[in-house]
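Fold and geometry: a report
Each chain is listed here by its residues.
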Amino acid sequence: MLGRFSKQFHNKFKDLVKYVLKEKCISNIGAYFNTRLLSGLETQKPIRQYAAEATIPISPPEVHCFDASKIPTEVKITKAEALELYENMVLIRRMETEIASLYKEKKVYGFCHLYVGTEAVGTGIVSNMKPVDNLITSYRCHAFAMMFQNRQKKNGPYTVMSELAGKADGISAGKGGSMHIYVPPYFYGGQGIVGGQVPLGIGLGFGHMYTDDGGVAFALYGDGASNQGQVYESFNMAALLKLPVVFICENNLYGMGTAAKRSSSSLEYYKAGRVIPGIKADGMDVITTREIAKVASDYSRAGNGPILLQFECYRYYGHSMSDPGTSYRTREEVQQVRQSRDPLNHLKDTLTDTQLATDEEIEEINKKAKKLCAEAKKAAETAPVPDVKELYTDLYVKYLEEPRRRTCVG
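Residues numbered from 1 in each chain as written. Predicted model: local features only at pLDDT ≥ 70, side-chain atom pairs only at ≥ 80, totals over all residues. Heavy atoms only, no water.

Once that is clear, we can look at the packing of helix α7 (residues 197-211) against helix α8 (residues 229-241). Where α7 meets α8, the closest approach of the two axes is 9 Å, and the angle between their N-to-C directions is 15 degrees. Overall, the two elements α7 and α8 adopt an arrangement that is roughly parallel. Crossing angle aside, the handedness with which α7 passes α8 is left-handed. Contacts between α7 and α8 pair Val-198, Pro-199, Ile-202, Phe-206 and Met-209 from the former with Gln-230, Val-231, Ser-234, Met-237, Ala-238 and Leu-241 from the latter. (Axes fitted to C-alpha atoms, helices over the stretch in contact; angles between N-to-C directions. Helix = DSSP H or I, 4+ residues; strand = E, 2+ residues; numbered from the N terminus. Parallel < 35°, antiparallel > 145°, perpendicular 65-115°, else oblique. Left-handed = near helix turned anticlockwise from the far one by under 90°. Contact = heavy atoms within 4.5 Å.)

Now for the packing of aromatic side chains. Inspection of every chain in the model, using the stated rule, returns twelve aromatic pairs. When the centroid spacing of 5.5 Å and the interplanar angle of 65 degrees are considered together, the rings of Tyr-115 and Phe-144 count as edge-to-face. In this pair, Tyr-115 is assigned in the loop between α3 (79-104) and α4 (119-126) and Phe-144 in helix α5 (residues 142-151), connecting sequence segments 29 residues apart. Its relative accessible area of 1% is what places Tyr-115 among the buried residues. Measuring from ring centre to ring centre gives 6.0 Å for Phe-206 and Tyr-210, while their planes differ by 20 degrees; the resulting arrangement is stacked. Highlighted residues: Phe-206 and Tyr-210, both in helix α7, separated by four residues, approximately one helical turn. Residue class for Phe-206 comes out partly exposed when judged on its relative accessible area of 37%. (Phe/Tyr/Trp six-rings, centres within 6.5 Å; stacked < 30°, edge-to-face > 60°. Buried < 20%, exposed > 50% of the residue type's maximum accessible area, 1.4 Å probe, protein only.)

Here we come to the pairing of strand β9 (residues 278-282). The pairing of strand β2 (residues 62-64) with β9 spans three bridges and is classified as antiparallel. Across the sheet, Val-63 pairs through a bridge with Ile-279, a residue of β9. Here β9 pairs with strand β10 (residues 307-312) via five bridges, running parallel. Looking across to β10, one finds that Asp-282 is bridged to Glu-312. Of the crossover connections in this fold, the one passing from β9 over helix α10 (residues 286-304) to the parallel β10 is right-handed. (Pairing = 2+ DSSP bridges. Right-handed = clockwise from strand over helix to strand, strands pointing away.)

So, about the nonpolar core. Core analysis: the largest hydrophobic core is formed by 83 residues, its most contacted members being Ile-125, Leu-135, Phe-144, Phe-218, Ile-287 and Leu-351. Per-element tally for this core: the top contributor is α3, with twelve residues. Ignoring anything within four residues of it in the chain, the contact list for Ile-287 reads Ile-56, Ile-58, Val-75, Ile-77, Leu-85 and Leu-347. (Core = buried A, V, L, I, M, F, W, Y, C linked by side-chain atoms within 4.5 Å.)

One pass over the full model with this rule turns up zero disulfides. Of the cysteine sulfurs around Cys-141, a residue in no disulfide, the closest is that of Cys-112, at 9.5 Å. The class of Cys-141 is buried, set by a relative accessible area of 0%. (Disulfide = S-S within 2.5 Å.)

Listed below in structure tokens is the structure:
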């Protein structure tokens, strides 16, 4: 406040000096001082007060076999919670941008699927997970690994980029690469087979039911896997056993290079479980994904069995780094989504409109994330490669039972 007052006073004083020099007199200085120099100083706008929490409306969802009244129309969120959501999304985008750079520099080999554009889905889900919960997803998995690493106070961007670069400090010691990243006991990948993670997801759910630990398993898949038989079989088994599983279809509108409307007779994926309740919501609004994920996990955790979510989202890059992403959609379409529905910009506007944060605070988060990920990229490039002996590790699992005597039949 003092700084702003002093600056204005200084400007007024300069006007006074100009006036005196121009008129070549000092007889009217007193009148000038009273009428012009002090004018406006007493009518300063009050200092903007920023809130500690705010009530924010969520995007209206669609439901199937579910009581819509159990979904709130608005949610109260604290400044700390909102800034954490923004920070995670910015970290994801900055990290994926650096990974794209590593790939173009030929320092990351093989397939590389980026999460840019869909940050609100993963961030909203993970923000609600309890320590006993776990999650499994497809090969578009870098963001989840980074968030779970950060939860364990590890440098998520560095360990993820090191893994992709095949370095010893990577999450899987450089042997998993882009599609096989794990952070047990919370995150089980990172699966290279389209849809193959969904049956494994109900296995995680069965584990929670068997041990009665109160946990919930989150099984994510894309619209490209939504019509597979193994997905429907998983729905059936989860419903039969009433497993604590939250199925989540991330509908980014394109399965590889095929538009969802060309590959699916129905785009209502949240109804695919038939008897399983479903909710369809905006996946570009992190406040909405956070609240819908909470409603779903609370429902499943209470012993009601599985539930199916569909988040409508959009990826900015192609299916993988080898796909320019412009042969089946136009650049104008991508640009239009960036300008009108970008999840980071949406949350940023929400933070400032509700006075939860200043532009300076948001910019500081952006700078911090950019610096952290740039340093992580540089460190990953110079990190050591795995020792040759790593070729012979992780080949066998330790059996849970004692070896049995071999017997012969007949």
